[in-house]
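# An overview of the molecular structure
Single-letter residue listing:
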Amino acid sequence: MTTLAHIHRDDEASKLGMWLFIFTELLLFAGLFIVYGVYRYLNPVAFHLAAEELSVTVGMVNTIILLISSATIAMATTAVRKKNKQLTLLFLMATLFLAFMFMANKYFEWKGKFSHGIFPGSEDLQRLGHGDTLFFGLYFFMTGLHALHIIVGFVLITIVAVRVNNNTLTFENPVLLDNSGLYWHLVDLIWIFLFPLFYLIT
Amino acid sequence: MSHQSDNHTVPYKSYLWILAILIVLTIISVGVTYIELGNLTVFTAILLASVKSTLVLIYFMHLKFDNKLLQYLVAAIFILLGLVLFITFLDYNYR
């Protein structure tokens, strides 16, 4: 017991470290947003027409799914502090389910595009021209990179759920849950900007 | 243990309120695309996205209850991003 009590732990530093990582992620996506902005500025007509190919409904449903999942993981951080293990697990499971739903929607969305011959390097896209190639290239890269973050978040939240389940993550050391929550909110934050840029502004 | 994580517990209700506001803002941002706003379309979309992301940062990401250093750092990063965007477009506009 005495050795356990002496394990050095600095939750404030862990959180700061997580935020520093989040800053690098923000800079990464900001770079991509600049690329998008500049190409949109240089190819306004092609970007306008290409953006109308995307379904606003699918985009909106996915936005709402991610917003709810952000709220559920935030509520998990409250539940763990109220020492309610069952509810913490329930909120984490809900988050995982919503993440899965998001990916399922993304899968059908991409599949629809592929079946219409729209994918990076496709002949149809090359025929449509430079602007469309740029728009869909950025669309697949940015939503793809975002989807990759969803998968990483899914793994992270699964680890948290397992640790909550076997009592190695409790109200005494919720920092892994807090940091996973921060990461998940970052994923939400990026989508909040991806949605209007690709789906709404036509 | 002096370095425990902060035990500030946000009530479930606050998160649900923020979620409701975020969903309403999402629906508004879709709704306004049916109105012809001309040059303001992009501005409105970015403005609504900024309001939404600010809510996520302050409440979901707990910044409201975090220490001042973190709050300043996050603000500084967004100012940096804004400046980089602004300067890039200034450059492209006057080339």
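Residues numbered from 1 in each chain as written. Chains lettered and ligands numbered in written order. Predicted model: local features only at pLDDT ≥ 70, side-chain atom pairs only at ≥ 80, totals over all residues. Heavy atoms only, no water.

## A closer look at the packing of aromatic side chains
Applying the stated criterion across every chain yields a total of 22 aromatic pairs over all chains. Ring geometry for A:Phe47 against A:Phe135: centres 5.3 Å apart, planes inclined by 85°, an arrangement best described as edge-to-face. Of this pair, A:Phe47 sits in helix 3 (residues 44-51) while A:Phe135 sits in helix 7 (residues 130-165), and the two are 88 residues apart along the sequence. Look at A:Tyr107 and A:Phe108: their rings are 5.2 Å apart centre to centre, the planes differ by 70°, and that puts the pair in the edge-to-face class. Its relative accessible area of 49% is what places A:Tyr107 among the partly exposed residues. Every member of this aromatic cluster is reached through a ring pair, and the members are A:Tyr36, A:Phe47, A:Trp110, A:Phe114, A:Phe119, A:Phe135, A:Phe136, A:Tyr139, A:Phe140 and A:Phe198. The ring of A:Phe171 is capped by A:Lys83, whose NZ or CZ atom sits 4.5 Å from the centre of that ring. For the cation-ring pair, B:Arg95 lies above B:Tyr92, with the distance from its terminal atom to the ring centre recorded as 4.6 Å. (Phe/Tyr/Trp six-rings, centres within 6.5 Å; stacked < 30°, edge-to-face > 60°. Helix = DSSP H or I, 4+ residues; strand = E, 2+ residues; numbered from the N terminus. Buried < 20%, exposed > 50% of the residue type's maximum accessible area, 1.4 Å probe, protein only. Lys NZ or Arg CZ within 6 Å of the ring centre and 35° of its normal.)

## Examining the pattern of salt bridges
In total, this model carries six salt bridges over all chains according to the counting rule given. Notably, a salt bridge pairs A:Glu109 with A:Lys106, separated by 3.3 Å at the nearest N-O pair. Placement of the pair is A:Glu109 and A:Lys106 together in helix 5 (residues 85-115), with a separation of three residues, close to one helical turn. Of the two residues examined, A:Glu109 and A:Lys106, each falls in the buried class. The shortest N-O distance in the salt bridge between B:Arg95 and B:Asp91 comes to 2.7 Å. Of the residues examined, B:Arg95 reaches a relative accessible area of 67% and is grouped as exposed. (Salt bridge = Lys/Arg side-chain N within 4 Å of Asp/Glu carboxyl O.)

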